[in-house]
Structures are given as C-alpha cells and as structure tokens.
Amino acid sequence: MSRRFLLLTALVLAGCTSEPAPTPPPPAGGTFKLVAFDSCEQLHADLKKAAKASVGPWGFDGGIRPRAAGGAMPEGARTMADSAPAGKATPAFSGTNTHEVGVDEPDIVKTDGKRIVTLTQGSLQVVDAASHQVTGRLALEAWGDADLLLSGERALVLKQGGNPEIWYDRKMPARAAAPELILVNLAGAPTVISRYQGEGRLIDARQTGDTARVVLSSRPRITFPDRPTSRDDDQDRIDANREVIDRAGVDAWLPSWTVTTGGTTEKGKVGCQDVRRPPAYSGKSLLTVLTFPLSAPKLDGGRPVSIVADGDTVYGTPTSLYVASDQRWRLDLFPGRDNREVKQQTDIFRFDVAGTEPPVYRSAGQVSGFLLNQYAMSEWDGHLRIATTDAAQNSSAVRVLNTDLKQVGEVGGLGKNERIYSVRFIGDRGYVVTFRQTDPLYSLDLRDPAAPKVTGELKITGYSAHLQPVGPDRLIGIGQEASEEGRRQGTQVSLFDVSDPAAPRRLAQHHVRDGWSEAEYDPHAILWWPDTKLFVVPMNDRALALRVTGDGLTKVGEIGDRPIRRSLVIGDELWSLSDDSLRVSRLSTLAEIGSVKL
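Residues numbered from 1 in each chain as written. Predicted model: local features only at pLDDT ≥ 70, side-chain atom pairs only at ≥ 80, totals over all residues. Heavy atoms only, no water.

1. Examining the overall build of the chain
Threshold: In this description a helix means any DSSP run of H or I spanning at least four residues, a strand means any run of E spanning at least two, and both kinds are numbered starting from the N terminus. The cut-offs for exposure are 20% and 50% of the maximum accessible area for each residue type, with area from a 1.4 Å probe on protein chains only; residues under the lower value are buried, those over the upper are exposed, and the others partly exposed. The criterion used for residue contact is that any of the two residues' heavy atoms lie within 4.5 Å. To measure how exposed things are, a 1.4 Å probe is used in the Shrake-Rupley method; for residues, cover is taken only from the protein chains shown.
Within the chain, the regular secondary structure consists of two helices and 41 strands. Counting all 598 residues of the chain, 59% fall into the buried class. Long-range contacts, defined here as pairs at least 24 residues apart, represent 57% of the contacts in the chain between residues at least 6 apart. Accessible surface, the chain as shown: approximately 22,900 Å² in total, 48% of it carbon and sulfur.

See below:
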C-alpha cells in the first residue's frame, strides 16, 4: 500500500507571502498536546487561515504530489495458523513480512495455510492450497494500489484512492478518486458484505486480532479557479485561490463517508468534536483513523478520530498506534507559501489501541529531522526509539522518548553529509545504514534509554535499503551495490555478522549486476523461511532464492520466467505470485510442480 515515502532534502523556497501567517510551531525536541477546537466556528476560521497560508498559484502542492519510496525490511511472522479456518490440521505457512509480531499489515496476497487470497487482474481470487485450484473469484475493480487483510472467513480489501497523478493541475477536482474498503465473506463463494467509501487517500492500515485500524488523509473539497492565460501572474492566482478558500464552508474540511450493505446506504461525516489539532498545521489535510472489527456483521462509519495534520507514516504495536507528521508540505518551489524556514522536524502522535474501541490519544512529541519510514520507529520496554535525518545539520540521529514522547536520550552524528537508507531495531540494539558514496552500517547499544551509544561501524560500498534479521546475530541487507564514487551498480544482498557490537562485519554478498528488486522499497516482497534458511526476493523478471549457510549465502536458484511479486510457503510447497498466475514449486528443490492461472 502506499505507505512508502520519499525522503526530501532541503530545497530553497521561492516566493513569499505576507499574509496570512499561521501559528508558529513549537521548538523541536519538546512535547505538546493535541487539543480540540472550541467550536465548529473556531475550526472553520483556523483551518481557513492555515489553508490560505499554504495555497500556491496552482492550488495545494502546486499540482505536484510527491511519489513514495524507500523502505526498510520488516521482520515477518513465520506462521499464522491461529487465523486458519476450522477443519483438518493446517500445515506451517508463511505470513506477510511485518514490522511487529502480532500486528498484521495489508498486502496483495494472504494465506491461512489452507487457502490463498490475492488481488490480481482487478479481482479478489481464492485458491485452494491442497488442490491447486481457484475456488472463487469476485470482481472488485481493484486495480493499481489495492491490498487486503484476512481474518477467519473475512477479507478486508483496501483500495487507495487519492488525487490523480497530474504534474501541473490547474484545477483541483472537487472530489478525487475515493478510497474504498470492501468487507468480503469468504465462506463459500466470496461475496461482498459492505462497502465503505471515504475521501482522500488511504495512508496505511494495521490489524491486531480481528480489529483493523485504517488511516486516511483527506483534502478540503475546494475547487480552485482555472486561469490558464499566461497574462495571469502568480500573485493573481494566489489571491484568487484565497478568495475561494474564504468562501468555503466548514463542511469542506470535514470528510464524509458512505457505507453500503445490501441495498441500504448510510451516510455520515466527521464531526467538529472528533477533530484535534497540533500547534502547527497546513490546513490542507486531515488525518483520520478508522476502527473496524472484521467479525462484525457489517462495516459502519469506522468511529473516526481525526487530526489536522499532514502525516503519512504509520507504525503500530499490539497496544499502540503512532502517526508521524512533518513539514515537508512546505518543500515546494512554487511561490505563495508561508515564507518561514522549513523546519527539519517531525511531530509524533501516540494512540492507545488496546481492544476493539476507537484509538485513544495519549501523547504527542516532536523530534528534529525527517523519518525514512515506519521502521525508523520502534517501541521497546516503555520507550520509543526514533531515527531521523536532519538535512540542515547534515547528519542523522537516534533518539529515545518516554511514554509522554519526551526525549530522554540521544545519539547523533551518524553519517555526516549522508542520509538514512535503512533502520532496524531489535530488542535493545539498533542498526542504521546511511549512504552517499559508501555505506556505513552503525551498530547501537540502546540498553540505557538515557545514554544510547554507537558501538561499532562498518564501511562498505553501496547501501542496504532494508535490514532483515535471519537468526541470532545475523542480518541480511538488500539494496544497491555502488562504486567508490557512489554510482549504483545493481542489487546486492549482504549477510552481516553483528555478534560483536563493536565490530559488525559482512560475511557474504550476492550481486546482481544492473539488477533491481521491488523489495528495495516494499517491505512485503521478501520471504524469509527460518525452517530451511531460505531467503527469496523478487528480482527483475523472476525471483532469486538464496540459502543462508552458516557464514555464507548460497544461490539455490531462480523462480519463474516473468516478474514475481510475492513468495510464500505452505507446508512443503513454495508459491510464487505473478500478475496472472501462481507457480507452485517444491520447497526443497524449487522444481516446479504446478501452476494456477489467475
């Protein structure tokens, strides 16, 4: 899902505006509270003021929406047998690679060990693992960015929605493609139970037990005037856009929703009382967290909790949900922006998500720098560890925050003149990769929250875009090999020995010249199967299978003759998903034993 993020370095802001000026942000590194608006009138006035300071000559973002990128590799749960349907014994099977044990993440394929459920060719398709047969298809028009979650006899399909990919859009649509959640009954032939349609775009989702938390980001429903003539200067366009914002009613900022179950449609919207605000915000985005018990008879309005924020990084544990938001919305070369310096800082909001009730806001804090992705955050022993790059300071740091999100410790100076390419926290240890021309892999001791420290450093060419634990004191890094000057030379898989915190070392490397892998930016594309030490990664037009053998990497073989998106294990079989088929191989030899046309 999208949920992958482009780390932007500092840009020079062009143009300026003398009014209106929003509330200045608090100093970096402190804590603050999310507060409710006193009334709908206050919400309306404050959001209009902030939006007028954020709008440019072409609307919000100047008609450019940044593409997401870059991802560290999560540690996957090996089996999920407790989610399998009742019946005969379920073989061991692989789950989706996720950041935290006990928290599932949406992906294009799921299995419970007896069936495989996938989204392909615009449809949800169900495959019986024992017979290698498609047992159900459900046309959903789920093209492009669509993922799913699985819970017993239910699947939740998540269609992203969002603004069209238009580089120069002179007219912001009043309503762009809407995100959609579809609850499907898998008992027998798959059928739709309910459809939820919201506004904006789907940021991410997390599932604990049978409860899904879905995060949406919405824009105000404001149509800016089309002024294509070259005689119009930028300030004229900005003034015209501000006039439109002034005329917009409060409902333009409050996202609405519809839920259709059978022939009945319910409608609603987020209420003013459900919206909280931090000290600084753009006024052009609302972040909304929805809660859906997947075992419920149908979907409802999701009991929304909203924040006036531009957050797009979500991290979850079984009991907490974190959302990170920064001021990259100000990094824009178009005139018309508030001309304050872009703060290299990130706001973090923490919610309690224990149980099935809507999330409860607990604390908020702020750190210097920008996050790479969710793997730059990790909750451990009552503290949050967070890694950021501060382009203004030309270095990166790892900070430790308490439950109130107040900083209690920091180790800085990582990767001078470089940025973070991957992060992995494992218990009381941490690993950070920075890169510009060479790849320092830093080893961190995080046992004392008040005094985190670097214990070791390994410099090699290239970089790792994610780090995957593959047994005690072993990490696999997947990324790009590079020359001494930093020129990329194709995908590389490295095996690291981190048994000595003072001296991490690379034991082996597999290099695919001019190669590229989806796993370099999508954390769900890797299969790590501990039972046979098998590591499978999509590579160009096939999948590469490696075995971790003590201190080495052995190439087992290649799978398929077309692009492979995902691989998974069920019993003694390896299943490989492409856009139009599932290939079945023997887990022990990779010999093909069947295929399923999708």
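2. Points about the side chain of Arg-474
Considering the arrangement of structural elements, one finds Arg-474 in strand β31 (residues 474–482). The buried category is assigned to Arg-474, whose relative accessible area is 19%. Beyond its immediate stretch of four places on either side in the chain, Arg-474 contacts Gln-468, Pro-469, Leu-495, Phe-496, Asp-497, Val-498, Leu-507, Gly-550 and Asp-551.

3. So, the pattern of salt bridges
Note the following rule: Between Lys or Arg on one side and Asp or Glu on the other, a salt bridge is scored when a side-chain nitrogen of the former is within 4 Å of a carboxyl oxygen of the latter.
What the rule picks out here adds up to 32 salt bridges. Put simply, Glu-266 and Lys-298 hold a salt bridge, and the shortest N to O gap is 3.2 Å. Note that Glu-266 is positioned in strand β14 (residues 264–269) and Lys-298 in the loop between β16 (286–293) and β17 (305–307), a separation of 32 residues in sequence. The exposure class of Glu-266 is partly exposed, given its relative accessible area of 33%. Put simply, Asp-445 and Arg-447 hold a salt bridge, and the shortest N to O gap is 2.6 Å. Since its relative accessible area comes to 11%, Asp-445 is described here as buried. The class for Arg-447 is exposed, based on a relative accessible area of 61%. When salt bridges with common partners are traced through the structure, they connect Asp-107, Glu-518, Asp-522, Arg-565, Arg-566 and Asp-579 into a single cluster.

4. Let's talk about the packing of aromatic side chains
For any pair of aromatic rings, the description consists of the separation of the ring centres together with the inter-plane angle of the planes. This is how it is decided: Aromatic contacts are taken between Phe, Tyr and Trp rings whose centres are within 6.5 Å, Trp giving its six-membered ring; a plane angle under 30 degrees counts as stacked, one over 60 as edge-to-face, and the others as tilted.
Under the definition given, this model contains eight aromatic pairs. Arranged with centres 6.3 Å apart and planes meeting at 20°, the rings of Tyr-196 and Trp-257 form a pair that is stacked. Placement of the pair is Tyr-196 in strand β10 (residues 191–197) and Trp-257 in strand β13 (residues 256–261), with a sequence separation of 61 residues. The class for Tyr-196 is buried, based on a relative accessible area of 3%.

5. Overview of the pairing of strand β36 (residues 542–549)
For clarity, the threshold we go by: Any two strands between which DSSP finds at least two bridges are classified as paired.
Note: strand β35 (residues 534–539) against β36, six bridges, orientation antiparallel. Residue Met-539 lies in a different strand from β36, and its bridge partner there is Arg-542. Hairpin remark: β35 followed by β36, antiparallel, with two residues in the connecting loop; positive phi at Asn-540, about 55°. Here β36 hands over to strand β37 (residues 552–559) after two residues, with Gly-550 in that stretch at a positive phi of 60°.

6. Overview of helix α2 (residues 234–247)
Just so we agree on the cut-off: One less than the residue count of a helix, multiplied by 1.5 Å, gives the span that helix is expected to have.
Here α2 is 14 residues long and its end C-alpha atoms lie 20 Å apart, about the 20 Å a rise of 1.5 Å per residue gives. Among the residues making up α2, those that are buried are Arg-237, Ile-238, Ala-240, Asn-241, Arg-242, Val-244 and Ile-245.

7. Examining the sheet that holds strand β29 (residues 453–461)
We count it as follows: A fitted line through C-alpha atoms serves as each axis, taken over the contacting stretch for helices, and the angle formed by two N-to-C directions is quoted from 0 to 180°.
Judged by pairing direction, the sheet is antiparallel, and its four strands sit side by side in the order β26-β27-β28-β29 without closing on themselves. Two strands close off the open sheet at either side, each with one partner strand: β26 (419–426) and β29. Averaged over all pairs of adjacent strands, the angle between strand axes in this sheet comes to 15°, irrespective of strand direction. Alignment of strand β28 (residues 438–445) against β29, held across eight bridges, turns out to be antiparallel. Bridge assignment links Tyr-442 to a residue of β29, and that residue is Glu-457.

8. Some remarks on helix α1 (residues 40–54)
Because an α-helix completes one turn every 3.6 residues, residues spaced three or four positions apart along the sequence face the same direction. For α1, which comprises 15 residues, the first-to-last C-alpha distance of 21 Å matches the rise-based estimate of 21 Å (1.5 Å per residue) to within 8%. Where α1 is concerned, the buried positions are Gln-42, Leu-43, His-44, Leu-47, Lys-48, Ala-50, Ala-51, Lys-52, Ala-53 and Ser-54.

9. Comments concerning the sheet that holds strand β3 (residues 109–111)
What the four strands build is an open sheet, ordered β3-β4-β5-β6; its pairing is antiparallel. Of all the strands in the sheet, the pair left with one neighbour each is β3 and β6 (133–139). Strand-to-strand, the axes of this sheet are offset by a mean angle of 15°, without reference to chain direction. As judged from the six bridges shared by strand β4 (residues 115–120) and strand β5 (residues 123–128), these two strands associate in the antiparallel manner. Bridging from a neighbouring strand, Thr-120 pairs with Ser-123 of β5.

10. Some thoughts on the state of the cysteines
Here is the rule: Note on terminology: disulfide denotes any pair of cysteine sulfur atoms within 2.5 Å.
In the structure shown here, the tally under the stated rule is one disulfide. For Cys-40, the disulfide goes to Cys-272, at an S-S distance of 1.9 Å. The disulfide joining Cys-40 to Cys-272 has a torsion of about 110° about its S-S bond and is therefore right-handed. On the criterion of sequence distance, the pair formed by Cys-40 in helix α1 and Cys-272 in the loop between β14 and β15 (275–277) is long-range, its members being 232 residues apart.

11. Some thoughts on the environment of Leu-124
Topologically, Leu-124 is positioned in strand β5. Its relative accessible area of 0% is what places Leu-124 among the buried residues. It is 9.5 Å that separates the C-alpha atoms of Leu-124 and Ala-155, two residues lying 31 residues apart in sequence.

12. Observations regarding unusual backbone geometry
Phi is positive for Asn-417, which is not a glycine, with a value near 65°. Examined against the element boundaries, Asn-417 turns out to sit in the loop between β25 (407–414) and β26. With phi around 60°, Asp-473 is a residue other than glycine that occupies positive phi space. Mapping Asp-473 onto the fold places it in the loop between β30 (463–469) and β31.

13. As for the pairing of β25
Inspection of the sheet shows strand β24 (residues 395–401) paired to β25 by five bridges, in the antiparallel sense. Paired with Val-400 across the two strands is Gly-409, which belongs to β25. Where β24 folds back on β25, the antiparallel hairpin that results is connected by five residues, among which Leu-405 adopts a positive phi of roughly 60°.

14. Remarks on the nonpolar core
Going by this rule: Joining through side-chain atoms within 4.5 Å is the link that ties buried Ala, Val, Leu, Ile, Met, Phe, Trp, Tyr and Cys residues into a set, and such a set is a nonpolar core.
Core analysis: the biggest nonpolar cluster contains 24 residues, and Ile-348, Met-377, Leu-384 and Val-398 have the highest contact counts within it. Contributing elements (two or more residues each) for this core: β19 (320–326), β23 (383–390), β24, β25, β26 and β28. Look past the residues within four positions of Leu-384 in its chain and what remains in contact with it is Tyr-315, Tyr-322, Ile-348, Met-377, Ser-378, Glu-379, Arg-399, Val-400, Leu-401 and Leu-405. The next biggest cluster of nonpolar side chains, apart from the first, holds 21 residues, and it includes Phe-37, Ile-222, Trp-253 and Val-275.

15. Quick notes on the packing of α1 against α2
Packed helices, taken two at a time, are described by the angle between their axes plus the distance between the axes. Keep this limit in mind: Roughly parallel here means an angle under 35 degrees, roughly antiparallel means over 145, roughly perpendicular means 65 to 115, and every remaining angle is called oblique. It is the rotation of the near helix from the far one that decides the hand of a crossing: anticlockwise by less than a right angle makes it left-handed, clockwise makes it right-handed. Only Asp, Glu, Lys and Arg are considered charged, only Ala, Val, Leu, Ile, Met, Phe, Trp, Tyr, Cys and Pro nonpolar, and every remaining residue, Gly among them, polar.
The interhelical angle for the contact between α1 and α2, taken along N-to-C directions, is 165°, at an axis separation of 10 Å. Taken together, the axes of α1 and α2 lie roughly antiparallel to each other. The chirality of how α1 crosses α2 is right-handed. Residues Lys-48, Ala-51 and Lys-52 of α1 lie in contact with α2, whose contacting residues are Arg-242, Ile-245 and Asp-246. Considered class by class, the residues forming the contact of α1 with α2 number two nonpolar, no polar and four charged.

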